[in-house]
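Structure at a glance
Below are the chains, spelled out letter by letter.
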Amino acid sequence: MPRIKCHYADCVFVDEGYCSAAAVEIDPDTGCATYSPTDDAAAKVDEFDDEDETEEWDEEEGDEEDDDWLDDEDEF
């Protein structure tokens, strides 16, 4: 039986770096469809706070100096 090396550290099917699932489905665009996060990893995702990241993006949007080159016409 082939062994599949897994790079997901928080998957319930990972056993010493290899997938222990009975069947594995791989999607070329999204990765492993068999992936299932452990309870610890799922709890960490729930703790994530979008509000802090949104505030950071709002502050960065005010910087329009970087777009000055768009206003300049070519002088060639």
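What you see is a predicted model, and the numbers here were worked out from it, not measured in a lab.

Attention now goes to the overall build of the chain. Along the chain, the regular secondary structure elements total 3 helices and 4 strands. Taken from the N to the C terminus, the helices and strands of the chain come in the order β-β-β-β-α-α-α. In the chain, once contacts between residues fewer than 6 apart in sequence are set aside, the share between residues at least 24 apart is 32%. Carbon and sulfur atoms provide 46% of the accessible area of the chain, an area that totals close to 7300 Å².

A word on the environment of Val-14. Locating Val-14 in the fold gives a position in strand β1 (residues 14–15). When sequence neighbours within four positions are dropped, the list of residues in contact with Val-14 reads Cys-6 and Tyr-8.

Take the packing of aromatic side chains next. Applying the stated criterion across every chain, the model contains 1 aromatic pair. The ring of Tyr-18 has Arg-3 lying over it, and the distance from NZ or CZ to the ring centre is 3.9 Å. A cation over an aromatic ring shows up here: Lys-5 above the ring of Tyr-18, its NZ or CZ 5.2 Å from the ring centre.

This part takes up unusual backbone geometry. One non-glycine residue, Glu-16, lies in the positive phi region at around 55°. Topologically, Glu-16 is positioned in the loop between β1 and β2 (18–19).

Time to look at the environment of Gly-31. With respect to the secondary-structure elements, Gly-31 resides in strand β4 (residues 31–32). The exposure class assigned to Gly-31 is partly exposed, which follows from its relative accessible area of 22%. In this view, Gly-31 contacts Tyr-8, Glu-25 and Ile-26; residues no more than four positions away in its chain are not counted.

Moving on: the environment of Tyr-35. Turning to its location among the elements, Tyr-35 is positioned in the loop between β4 and α1 (39–47). Every residue in contact with Tyr-35, bar those within four places of it in the chain, is listed here: Tyr-8, Asp-10 and Cys-11. At a separation of 2.9 Å, a polar atom in the side chain of Tyr-35 contacts the side chain of Asp-10.

The next thing to look at is the state of the cysteines. If you walk through the whole model with that rule in mind, you get 0 disulfides. Residue Cys-6 stays outside any disulfide, its sulfur separated by 5.5 Å from that of Cys-11, the closest cysteine. Cys-19 supplies the cysteine sulfur nearest to Cys-32, a cysteine that is in no disulfide, at a spacing of 6.0 Å. With relative accessibility at 21%, the residue Cys-32 sits in the partly exposed group.

What counts and what doesn't
Residues numbered from 1 in each chain as written. Predicted model: local features only at pLDDT ≥ 70, side-chain atom pairs only at ≥ 80, totals over all residues. Heavy atoms only, no water. Helix = DSSP H or I, 4+ residues; strand = E, 2+ residues; numbered from the N terminus. Contact = heavy atoms within 4.5 Å. Areas by Shrake-Rupley, 256 points an atom, 1.4 Å probe, with all protein chains shown as cover. Phe/Tyr/Trp six-rings, centres within 6.5 Å; stacked < 30°, edge-to-face > 60°. Lys NZ or Arg CZ within 6 Å of the ring centre and 35° of its normal. Buried < 20%, exposed > 50% of the residue type's maximum accessible area, 1.4 Å probe, protein only. Polar contact = N/O pair within 3.5 Å; in protein donor to acceptor, adjacent residues only side chain to side chain. Disulfide = S-S within 2.5 Å.

Bear in mind that shape data such as this cannot, by itself, settle questions of function.
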